[in-house]
Amino acid sequence: MNNGSLYVVDDVPGEFAERVIEAFHARPGETFSIALSGGETARRCYERLAAVGDTQIDWWKVDVYWGDERCVPLDDEASNYRLAREALLDRVGAANATYPMRCDEGPDPYQLRVGELGRFDLVHLGLGPDGHTASLFPGSPALEADPGRLVAMNDDPSGRNPYRRMTLTYAGIARARLVLFTVEGEGKRDALHRVMAGDPAAPASAVRAERVVWLADRGAAGDLTGD
């Protein structure tokens, strides 16, 4: 399919951790750049990565970015930065560098940083029940961002997802060597089926990168069969 390869797995966090470790060892440069996500599936993925990757990844060679962030203080319970700090970074000790998204600075400083980076080695994304990914919501302005715009501010027009956001755009995500989606549970089944069918109303269906891999459990996949 043109929006990636689907793998139906019994243990999404375990498979995620293995894929990240594999990508780290296959990195073309000295450092490894990863953009992190938010949500409870991401939390489980990061906890597993911290547990199994502690001895298999040299975290002093890892630069950590974020794919999106809510406009709340970084220590707020709703912050993706806080989630990643608790579930991963504090557990592995440190990383070479961390680059939180700071809404009060606007998107341009992060845009410059991503532009200077050039390519992400890995971007981790989730999937919302409405088909959104990162903070690219159905009908939201960031879906129509100029191709040169890598980072944007955005809101959910439906109001279902609170807080103003900063997010990578499609063009920002497309700089990834590998995009790794993780999807768990029957509550995501309809959205995943829509994405796999290429539904243009599901923003995640338009994600493109050098390689896009979907890891879904059987609850989310339903009758879908993976590669």
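Look above for the structure.
What counts, and where the lines are drawn
Residues numbered from 1 in each chain as written. Predicted model: local features only at pLDDT ≥ 70, side-chain atom pairs only at ≥ 80, totals over all residues. Heavy atoms only, no water. Pairing = 2+ DSSP bridges. Helix = DSSP H or I, 4+ residues; strand = E, 2+ residues; numbered from the N terminus. Axes fitted to C-alpha atoms, helices over the stretch in contact; angles between N-to-C directions. Buried < 20%, exposed > 50% of the residue type's maximum accessible area, 1.4 Å probe, protein only. Polar contact = N/O pair within 3.5 Å; in protein donor to acceptor, adjacent residues only side chain to side chain. Contact = heavy atoms within 4.5 Å. 1 Å grid on protein atoms, 1.4 Å probe; cavity = no way out; pocket = protein on both sides within 12 Å on 5 of 7 lines; lining within 4 Å. Points joined across faces, edges and corners; volume = space filled by probe spheres on them. Nonpolar A, V, L, I, M, F, W, Y, C, P; charged D, E, K, R; others polar. Salt bridge = Lys/Arg side-chain N within 4 Å of Asp/Glu carboxyl O. Parallel < 35°, antiparallel > 145°, perpendicular 65-115°, else oblique. Left-handed = near helix turned anticlockwise from the far one by under 90°. Phe/Tyr/Trp six-rings, centres within 6.5 Å; stacked < 30°, edge-to-face > 60°.

(A) Broad picture of the sheet that holds strand 8 (residues 165-168). If you trace the three strands from one edge of the open sheet to the other, you get 4-8-7, paired in antiparallel fashion. Edge positions in the sheet fall to strand 4 (68-70) and strand 7 (151-154), since each of these pairs with one other strand and no more. If you compare each strand with its neighbour and ignore which way they point, the axes differ by 20° on average. Strand direction decides the pairing type here: strand 7 and strand 8, joined by four bridges, are antiparallel. Paired with N154 across the two strands is R165, which belongs to strand 8.

(B) Spotlight on the side chain of T133. Inspection of the secondary structure puts T133 in the loop between strand 6 (122-125) and strand 7. By relative accessible area, which is 1% here, T133 ends up buried. Of the polar contacts made by the side chain of T133, one reaches the backbone oxygen of G126; its length is 2.6 Å. Each residue touching T133, except ones within four places of it in the same chain, is listed here: L125, G126, F181, A204 and V207.

(C) Focus on unusual backbone geometry. Phi is positive for A134, which is not a glycine, with a value near 50°. Examined against the element boundaries, A134 turns out to sit in the loop between strand 6 and strand 7. Look at Y163: it is not a glycine, yet its phi comes out positive at around 75°. Tracing the chain through its elements places Y163 in the loop between strand 7 and strand 8.

(D) Quick look at the layout of surface pockets. Counted as a void, the largest pocket has a volume near 330 Å³. Tallying contributions element by element places helix 2 (residues 40-53) first for the lining of the largest pocket, with three residues. Residue composition of the lining of the largest pocket, grouped by class: five nonpolar, twelve polar and five charged.

(E) Spotlight on the sheet that holds strand 9 (residues 179-183). The strand order across the open sheet formed by seven strands is 1-10-9-6-2-3-5, and the pairing between neighbours is parallel. Two strands in the sheet have a free side with no partner beyond their single neighbour: strand 1 (5-8) and strand 5 (97-98). Both strand 2 (residues 32-36) and strand 3 (residues 62-66) contribute to a ladder of five bridges, which runs parallel. Residue A35 lies in a different strand from strand 3, and its bridge partner there is Y65. This element, helix 2, spans strand 2, strand 6 and strand 9 of the sheet and lies at about 135° to strand 6.

(F) Representation of the pattern of salt bridges. Per the stated rule, a full pass over the model turns up 15 salt bridges. Measuring nitrogen to oxygen at the nearest pair gives 3.0 Å for the salt bridge that ties D108 to R149. You can see D108 sitting in helix 4 (residues 108-117) and its partner R149 sitting in the loop between strand 6 and strand 7, a full 41 residues away along the chain. Overall, D108 belongs to the partly exposed group, its relative accessible area being 43%. Of the residues examined, R149 reaches a relative accessible area of 25% and is grouped as partly exposed. With a closest N to O distance of 2.3 Å, R164 and D155 form a salt bridge. Judged by relative accessible area, R164 falls into the partly exposed class, the value being 40%. Counted as one network, the salt bridges with shared partners bring together E40, R43, R82 and E86.

(G) Up close: the packing of helix 1 (residues 12-25) against helix 2. Between helix 1 and helix 2, whose axes approach to 8 Å, the crossing angle comes to 55°. As summarised for this structure, helix 1 and helix 2 are arranged oblique, according to the angle between their axes. Both helix 1 and helix 2 take part in a crossing whose hand is right-handed. Contact residues: V12, P13, G14, F16, A17, V20 and I21 in helix 1; R44, C45, Y46, R48, L49, V52 and G53 in helix 2.

(H) Molecular detail of the packing of aromatic side chains. Applying the stated criterion across every chain, the model contains seven aromatic pairs. Where F181 meets W214, the ring centres are 3.6 Å apart and the plane angle is 0°; that geometry is what we call stacked. Pair noted here: F181 is in strand 9 and W214 is in strand 10 (residues 212-216), with a separation of 33 residues, a long-range link. With respect to burial, F181 and W214 carry one shared label: buried.

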